[in-house]
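Structural description and commentary
The lines below spell out each chain.
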Amino acid sequence: MASLLEIKDLAVAYKTGHGTSHAVNGINLTINNGEALGLVGETGAGKTTIALSTLNLLPKKVGHIENGDILFKGKSVFQMNKKELADMRGNKISMIFQNPLTSLNPVFTIGEQISMVLRKHKNLSKKEARMESEELLKMVGIAKSRYDDYPNQFSGGMRQRVGIAAALACNPELLIADEPTTALDVTIQAQILELMKKLQHENSTSLLMITHNLGIISEICEKVAVMYAGCIVEYGTVKEVFSNPKHWYTKGLLGAIPKLEGERERLTAIHGNVANAQDLPSGCKFHPRCDQCIDTCKSEVPSLIQISDDHYAACWNMEVNANGRK
Amino acid sequence: MATARFLLKRLLASLLVLFGVSIIAFSLIRIAPGNPAMLMLPENATEEQIKNTEAKMGLDKPVVEQYLSYMGNVLQGDLGVSIFYNETCSNLIFKRLPATAQLTLIAVCISLIISIPLGIIAGIKRGTGVDFGAVLFALIGQSMSQVWFGLLLILLFGVTLGWLPTQGYGGFKNILMPAITLGLPLSAIVVRMLRSDMYDVMQEDYIVSTYAKGIGQWEIYLKYALKNALLPVITVTGMQIGQLLAGAIIVEQIFGWPGLGTLTVQAINMRDFPLIQSILLITAAIFVTVNTLVDILYTVIDPRMKLN
């Protein structure tokens with residue numbers, strides 16, 4: 001499989017008057033054609049920053065690429081000129097945003113917000129774009145008669161489906177879904193996921209699914225990368241990572257999910273708070289919260305070590321068993 | 001249907017407002033010192049002559065009775081006869097109204113033509129020289145007195161450079177300075193509001209998502225962001241119409257513009273009770289009408305607003 005998107009050593013910092021936040025600190029990721037990669041992590045782990053960097057959409061003057069590169073089909077998105085960027089965004093790479101309530105323009109009809117993508121990238125006339133947009137609305141389960149309605153006339157779930165329709169309008173090669181279901185209630189979540197799964201299979205679109213919901217990852221993705229404080233701490237196939245987690249953070253995340261079958265166990269919680277991106281700990285970023293922390297963890301940054309064919313983890317102390325004894 | 005109901009509601013509310021205005025106008029004039037009868041007669045007029053004139057004008061009757069008979073006439077479409085001009089008030093007002101309407105309209109146009117682009121650019125280029133200039137302009141425009149600004153214009157363009165006529169009614173050259181003077185506070189407010197609204201809108205999620213669709217920068221500025229940022233500007237412009245009508249009184253005096261403003265000042269100087277009342281009533285009616293129009297316009301642009 002050829003790689004569609006390559007993120008190389010990416011480091012991103014936000015500089016404001018209050019200081020510098022190191023949101024992403026040296027990330028390597030590859031997404032192949034047709035592959036679905038999940039990116040999990042707590043709020044503030046740098047997931048959305050990766051998504052925005054991929055589209056070269058970091059907030060001006062504040063977001064800085066400190067190091068590394070992102071290659072889309074071998075071409076750096078940071079080297080692209082305005083025209084190339086505009087041609088890529090919404091056409092080859094499109095994005096579904098986290099909050100459907102704020103990501104649609106309140107004073108334009110939802111039809112306009114879908115058809116503007118088609119007019120831009122497919123050079124369709126207003127009438128053609130309208131017809132195609134109506135088809136897209138039908139595909140996501142919204143009656144085409146609602147083309148001329150405004151976002152405030154729709155529920156959150158329907159607005160997210162509008163966002164999905166707009167994102168899929170040009171059959172993108174890569175779809176970035178930034179927590180597409182976080183703002184929605186569970187029944188709607190299921191509908192949206194079903195829809196995305198179906199569409200992804202039908203169009204063989206590559207997918208970068210950003211979420212903090214592990215259930216969604218196992219539902220949709222083949223591979224998963226676990227992020228903590230701007231670093232990838234574990235990476236591999238979903239099956240491997242979820243059944244045989246190596247990093248203590250991943251173990252903590254999985255331990256916090258109640259089981260439906262088997263013996264009931266006490267849920268474990270990861271103590272402490274997410275690392276402050278303005279003042280990151282030395283060594284392994286997770287060490288202040290880790291129960292298995294050893295001296296090396298405090299001073300040296302662990303790198304990703306290959307565990308099996310499709311499984312990597314970055315931990316100095318992963319050889320201990322679940323009871324914490326060597 | 002909704003529109004009809006809205007208009008009916010607004011009409012009733014407007015009538016209530018105008019009723020209030022009529023009471024306030026009527027009583028204020030009578031509380032203020034000065035007697036029109038005395039002003040009309042020569043200085044050495046006798047007590048009796050003054051009494052006679054007052055009786056002729058109906059000023060000897062109780063105030064409540066005066067008001068009721070005045071309102072009775074107003075409701076029949078009769079605004080009364082000016083004491084000083086000896087002509088019907090409606091005639092006087094509608095002869096002067098076009099000049100003021102023209103001045104106000106051109107003032108709004110000029111100030112929006114200047115302030116909208118300036119506000120947009122200042123909003124998207126925040127922190128640059130253009131932005132600083134815009135903020136300075138807004139500061140000066142809002143704090144400088146129109147009298148002073150008008151005189152400065154006259155001094156520069158009328159006297160020193162000799163490009164524009166300093167007084168009088170006529171062509172485009174005549175209207176330029178009064179319109180700029182009148183529109184100055186409005187343009188300052190619009191620049192200030194549009195600058196901050198444009199900046200805020202550009203930070204919104206829906207703008208990032210529009211960028212993510214590959215839409216070009218200027219299309220986003222001028223179409224997808226501007227429509228949001230303009231909404232408060234429309235409201236403010238509507239409300240400023242009252243300010244403009246008030247400003248016209250001063251500006252018309254400075255530039256000798258034969259509009260409603262000049263008429264108002266003359267009426268007040270002569271204690272021309274019927275004329276003052278009528279001017280206030282008509283001006284209030286214009287203000288209320290313009291605001292209703294702005295509300296309707298608002299619902300056309302912002303789909304979240306419903307007429308009710």
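Residues numbered from 1 in each chain as written. Chains lettered and ligands numbered in written order. Predicted model: local features only at pLDDT ≥ 70, side-chain atom pairs only at ≥ 80, totals over all residues. Heavy atoms only, no water.

Things to note about the overall build of chain A
Condition: A run of H or I in DSSP counts as a helix once it spans at least four residues, and a run of E counts as a strand once it spans at least two, with each numbered from the N terminus. What the globule rule says is 2.2 Å times the number of residues to the power 0.38, and the radius of gyration is computed from C-alpha atoms. Contacts are residue-level and defined by heavy atoms, with any inter-residue pair within 4.5 Å sufficient. Surface exposure here means Shrake-Rupley accessible area, sampled with a 1.4 Å probe, where a residue is shielded only by the protein chains that are shown.
Of the regular secondary structure elements, chain A holds 10 helices and 12 strands. Expected size for 326 residues packed as a compact globule is a radius of gyration near 20 Å; at 21 Å, chain A falls within 12% of this value. Principal-axis analysis of the C-alpha atoms places the extent of chain A at approximately 70 × 50 × 40 Å. A sequence separation of at least 24 residues applies to 63% of the contacts in chain A between residues at least 6 apart. In the structure as shown, chain A presents an accessible area of about 15100 Å², 49% of it carried by carbon and sulfur atoms.

Describing the UniProt feature "domain: ABC transmembrane type-1" (unreviewed entry) in chain B
The line we're drawing: UniProt positions are given in the numbering used here, feature names are shortened, and annotations may be inferred rather than shown by experiment.
UniProt's entry tags residues 97-298 of chain B with the feature "domain: ABC transmembrane type-1" (unreviewed entry), counted in the numbering of this structure. Here residues 97-298 of chain B is 85% helix and 0% strand, with 27 Å between the C-alpha atoms at its ends.

A short note on the side chain of Arg119 of chain A
The following threshold applies: A 1.4 Å probe rolled over the protein chains alone gives each residue an accessible area, and that area as a share of the maximum for its type sets the label: buried under 20%, exposed over 50%, partly exposed in between.
Its location among the elements puts Arg119 of chain A in helix α3 (residues 110-122). Overall, Arg119 of chain A belongs to the buried group, its relative accessible area being 19%. Residues in contact with Arg119 of chain A, not counting those within four places in the same chain, are Glu112, Leu124, Ser125, Lys126 and Ala129 of chain A together with Lys223 and Tyr224 of chain B.

Quick word on the packing of aromatic side chains
Applicable threshold: The rule is short: rings of Phe, Tyr and Trp, with Trp giving its six-membered ring, pair when the centres are within 6.5 Å, and they are stacked under 30 degrees, edge-to-face over 60, tilted in between.
Counted according to the given criterion, the structure contains 11 aromatic pairs over all chains. Geometrically, the ring pair formed by Trp218 of chain B and Tyr221 of chain B is edge-to-face, given 4.9 Å between the ring centres and 85° between the ring planes. Of this pair, Trp218 of chain B and Tyr221 of chain B both sit in helix α10 (residues 217-255), 3 residues apart, which is roughly one turn of the helix. Given the relative accessible area of 49%, Trp218 of chain B is considered partly exposed. In this structure an aromatic cluster arises from ring pairing among Tyr228, Tyr249 and Phe286 of chain A.

Examining the sheet that holds strand β8 (residues 206-211) of chain A
All names here are of chain A. For clarity, the threshold we go by: Two strands pair under a simple rule: DSSP has to find at least two bridges between them. Axes here mean lines fitted to C-alpha atoms, for a helix over just the part in contact, with angles spanning 0 to 180 degrees between N-to-C directions.
Reading across the sheet, the 8 strands line up as β6-β7-β8-β3-β9-β10-β12-β11 and stay open at both edges, with mixed pairing between neighbours. Each of the sheet's edge strands pairs with one partner strand only, and the pair in question is β6 (93-96) and β11 (305-308). Taken over all neighbouring pairs, the strand axes of this sheet differ in orientation by 20° on average, direction set aside. The pairing of β6 with strand β7 (residues 174-178) spans 4 bridges and is classified as parallel. Bridge pairing links Met95 to Ile176 in β7.

Considerations on the domain arrangement of chain B
Residue and element names in this part refer to chain B. The test is simple: Segment limits for the domains were obtained from an automatic or database-derived domain assignment. Buried area is calculated as the accessible area (1.4 Å probe) missing from two parts once they are joined, with the contributions of both summed. We define a salt bridge as a side-chain nitrogen of Lys or Arg found within 4 Å of a carboxyl oxygen belonging to Asp or Glu. Counted as a polar contact is a pair of N or O atoms within 3.5 Å, where, for protein atoms, one must be capable of donating a hydrogen and the other of accepting one, and residues adjacent in sequence contribute only when both atoms are in side chains.
As far as domains go, chain B holds domain 1 (2-75) and domain 2 (96-301). Tallying the contact residues gives 19 residues for domain 1 and 16 residues for domain 2. Taken together, the two surfaces of domain 1 and domain 2 that pack against each other cover about 1600 Å², and 74% of this comes from carbon and sulfur. In this assembly, domain 1 and domain 2 are joined by 1 salt bridge. Taken together, the connections running from domain 1 to domain 2 amount to 1 residue pair in polar contact (both at pLDDT 80 or more). The set of elements that each furnish at least two residues to the side of domain 1 that touches domain 2 consists of α1 (2-31), α2 (36-40) and α4 (63-75).

Brief notes about the side chain of Thr262 of chain B
All names here are of chain B. Summarising the element assignment, Thr262 is placed in helix α11 (residues 260-269). A polar contact is formed between the side chain of Thr262 and the backbone oxygen of Trp257, at a distance of 2.4 Å. The residues contacting Thr262, other than those within four sequence positions of it, are Arg96, Glu252, Gln253 and Trp257.

Considering the pattern of salt bridges
All names here are of chain A. According to the stated counting rule, one finds 18 salt bridges over all chains in the structure shown. Linking Glu112 and Arg119 is a salt bridge whose minimum nitrogen-to-oxygen distance equals 3.3 Å. With a shortest N-O distance of 2.6 Å, Glu132 and Lys122 are connected by a salt bridge. With Glu132 in helix α4 (residues 126-139) and Lys122 in helix α3, this residue pair connects regions lying 10 residues apart in the sequence. Note on Glu132: relative accessible area 27%, which makes it partly exposed. Classification of Lys122 by relative accessible area gives partly exposed; the value is 35%.

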